[in-house]
Amino acid sequence: MLTYLYAIGRVPLEPPDRPGVDAEPPRVIVEDGFAAVVGSVAPARFDEAALAHDLEDLRRVEELARAHHRLVAALPGDGPVAPVRLATIYRDDDGVRRLLRERATELGALLDRLGTCREWGVKMWSPPRPAADAQPVPADAERPGTSYLMRRRAARDADAHRRAQGTELAEHVHRTLSRLAVAARRLAPQDAVLSGRTEEMLLNATYLVRREDEAAFTAAVAGAGASGAEIVRTGPWPPFSFATVDDP
Amino acid sequence: MTTSGGIPVPARSRAPDHRQESTNLADILERVLDKGIVIAGDIRVNLLDIELLTIKIRLLVASVDKAREMGIDWWEHDPTLSSGQRDVLEENRRLRERVGALEAERTREQP
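Residues numbered from 1 in each chain as written. Chains lettered and ligands numbered in written order. Predicted model: local features only at pLDDT ≥ 70, side-chain atom pairs only at ≥ 80, totals over all residues.

Undergrad: I'm lost on the overall build of chain B in this one. Help?
TA: A tally of helices and strands in chain B yields 4 helices and 0 strands. Ordered by position in the sequence, the α and β elements of chain B form the string α-α-α-α. The proportion of buried residues among the 111 residues of chain B is 26%. Partitioning the contacts of chain B with sequence separation of at least 6, the portion at a separation of at least 24 is 41%. (Helix = DSSP H or I, 4+ residues; strand = E, 2+ residues; numbered from the N terminus. Buried ≥ 20, exposed ≤ 12 C-beta atoms within 10 Å, placed from the backbone. Contact = placed C-beta atoms within 7 Å.)

Undergrad: What am I meant to see in the nonpolar core here?
TA: Generally speaking, a soluble globular protein has its nonpolar side chains buried in company with each other. Counting residues in hydrophobic clusters, the biggest one holds 72 residues, and the most contacted among them are Tyr4(A), Tyr6(A), Ala7(A), Ala36(A), Val122(A), Met124(A) and Tyr207(A). Beyond its immediate sequence surroundings of up to four residues, Tyr6(A) is in contact with Gly20(A), Pro26(A), Val37(A), Val38(A), Gly39(A), His68(A), Leu71(A), Val72(A) and Val84(A). (Core = buried A, V, L, I, M, F, W, Y, C linked by C-beta atoms within 7 Å.)

Undergrad: Any chance you could explain the interface of chain A and chain B here in plain terms?
TA: Interfaces are often sized by the amount of accessible area the parts lose when they come together. Between chain A and chain B, the contact holds 45 residues from the first and 38 residues from the second. Mapped by element, the contributors of at least two residues to the side of chain A that touches chain B are strand S1 (2–10), helix H2 (48–54), helix H3 (58–73), strand S4 (81–90), helix H4 (93–102), helix H7 (192–195) and strand S8 (230–237) of chain A. Among the elements that take part in the side of chain A that touches chain B, S4(A) stands out by supplying 9 residues, more than any other. Taken together, the residues of the side of chain A that touches chain B break down into 24 nonpolar, 12 polar and 9 charged. (Nonpolar A, V, L, I, M, F, W, Y, C, P; charged D, E, K, R; others polar.)

Undergrad: Sorry, what's going on with the confidence of the model for chain A here?
TA: The predicted structure's coordinates, where accompanied by low pLDDT, should not be read in detail. Chain-level pLDDT for chain A is 89 on average; 94% of the residues reach the 70-or-more range. Ranking the elements of chain A by mean pLDDT puts H7(A) last, at 71, and strand S3 (residues 34–41) of chain A first, at 98. (pLDDT = per-residue confidence, 0-100.)

Undergrad: Is there a simple way to explain the sheet that holds S1(A) in this structure?
TA: Backbone hydrogen bonds are what pair the strands of a sheet, in a parallel or an antiparallel way. Residue and element names in this part refer to chain A. The 4 strands are arranged S2-S3-S1-S4 in an open sheet whose pairing can be described as antiparallel. Because the sheet does not close on itself, it has two edges, and the strands there are strand S2 (27–31) and S4. With strand direction ignored, the average angle separating the axes of adjacent strands in the sheet is 25 degrees. Judged from the 5 bridges that link them, S2 and S3 form a sheet pairing that is antiparallel. Note on S3: the bridge partner recorded for arginine 27 is valine 38. (Pairing = 2+ DSSP bridges. Axes fitted to C-alpha atoms, helices over the stretch in contact; angles between N-to-C directions.)

Undergrad: Honestly, the sheet that holds strand S6 (residues 183–186) of chain A in this entry has me stumped. Any pointers?
TA: All names here are of chain A. An order of S6-S7-S5-S8 is seen for the 4 strands of this open sheet, with the pairing classed as antiparallel. In this open sheet, the two strands that pair with only one neighbour each are S6 and S8. Averaged over neighbouring strand pairs, the angle between their axes works out to 20 degrees when direction is ignored. Across 6 bridges, the pairing between strand S5 (residues 118–125) and S8 is antiparallel. Residue valine 122 lies in a different strand from S8, and its bridge partner there is arginine 233.

Listed below in structure tokens is the structure:
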């Protein structure tokens, strides 16, 4: 069996009561005060050849991503836990033990930085475009060509204006929320195919927030929603977006 | 056809009792696929980035006629694709080229 690594925390850390990516029960490897949450997965499904094949299958990618996230999200939140990227796999438990020993300094610093903060996502979309017949320029029966062009120009100007306003609003919201967070990251706007949304995405950002600041953060998100743009908060997430160490 | 929570596929290819998970797939992928501690494991994997993944999802449902037959019409709600079938074909051609280029690049990177 191979050892699939989900997350790293400090002892004591109980494995969650959730099946892993291979439907296996998760367990904990302890070394040097660190606790690694792992699962034993079958080489037939998780060695290099199997993964190279499976990761071409988008349904399989979805299954793996959801199972990985579900397990990490089920870990207790009373101590720092650093989530590990999808599909980090070792030949055996010794590989994980070696990692915990060799990278102890960086891992310790990362866990100190994360503390018990949680990650909250914030997504903002522009309000739906007003109906075309709401344009202010009236049709002129005498000069249909001119009035058509004027309507076109008015519509284009209104679009540009709306876009500029949206960008400005997104910057403002992001600055406000960043002040209530330990760290903030902007993510790429989501593609309509994956998000299922067609309005323009003004903001896709994620914030690392201390527990004691969560109420203020939530209130600030609600306040931003009063501006007319649609704003959605997601989470709490395990701090995936802030669990970074440099890979040597 | 489902687009809200998962990878778009014709509804009938899902098991009848499949429950749509509430957490948005895009939100999950941009975290577990793109973030989290990056440690080189013993098993070498090549995770697609989200952009490439999205392109592949588009290609998956790229055959317009076939998709219509199956009742898939998501592109009609996609602003980048909504101005007619010709644009869809053009978009597909562009995406295919892009995937080809990215795959060639990937092959060059790992001899």
